[in-house]
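Below are the chains, spelled out letter by letter.
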Amino acid sequence: MAKKNNPWLVREISYLLLSPFLVLLGILAYGILFDQWYKDPLLILQYSGMTYGAILVLRFFQWIIKGFSK
């Protein structure tokens, strides 16, 4: 079966949408565990940006490792 090649923009948008989802899951888990809820939208957006940056760093390391393994 052939490997489906997604366009770069589609992958980037999916990672961009993944970061707020991960942040909201973290806020939900933190709220359930410690009974402290974060409701500030600016704080949630900042955490989403930091999560997206962490995803980019991990993808960069993956790209470097893949480049050196060839």
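First things first, this report covers the structure right here in the doc. The model shown is predicted, which means the values in this text are computed figures rather than measured ones.

Here the structure, examined in full by the defined rule, presents 3 aromatic pairs. Judged by centre distance (6.5 Å) and plane angle (50°), the rings of phenylalanine 60 and phenylalanine 61 are tilted. Summarising the aromatic geometry, the rings of phenylalanine 60 and tryptophan 63 are spaced 5.8 Å apart at their centres and angled 35° between planes, so their arrangement reads as tilted. Placement of both phenylalanine 60 and tryptophan 63 in helix α2 (residues 41–69) is noted, with a separation of 3 residues, approximately one turn of the helix. For phenylalanine 60, a relative accessible area of 45% translates into the label partly exposed. On the accessibility criterion, tryptophan 63 (58% relative accessible area) is exposed. Pairwise contacts between aromatic rings join Phe60, Phe61 and Trp63 into one cluster.

Cut-offs and rules
- Residues numbered from 1 in each chain as written.
- Predicted model: local features only at pLDDT ≥ 70, side-chain atom pairs only at ≥ 80, totals over all residues.
- Heavy atoms only, no water.
- Phe/Tyr/Trp six-rings, centres within 6.5 Å; stacked < 30°, edge-to-face > 60°.
- Helix = DSSP H or I, 4+ residues; strand = E, 2+ residues; numbered from the N terminus.
- Buried < 20%, exposed > 50% of the residue type's maximum accessible area, 1.4 Å probe, protein only.

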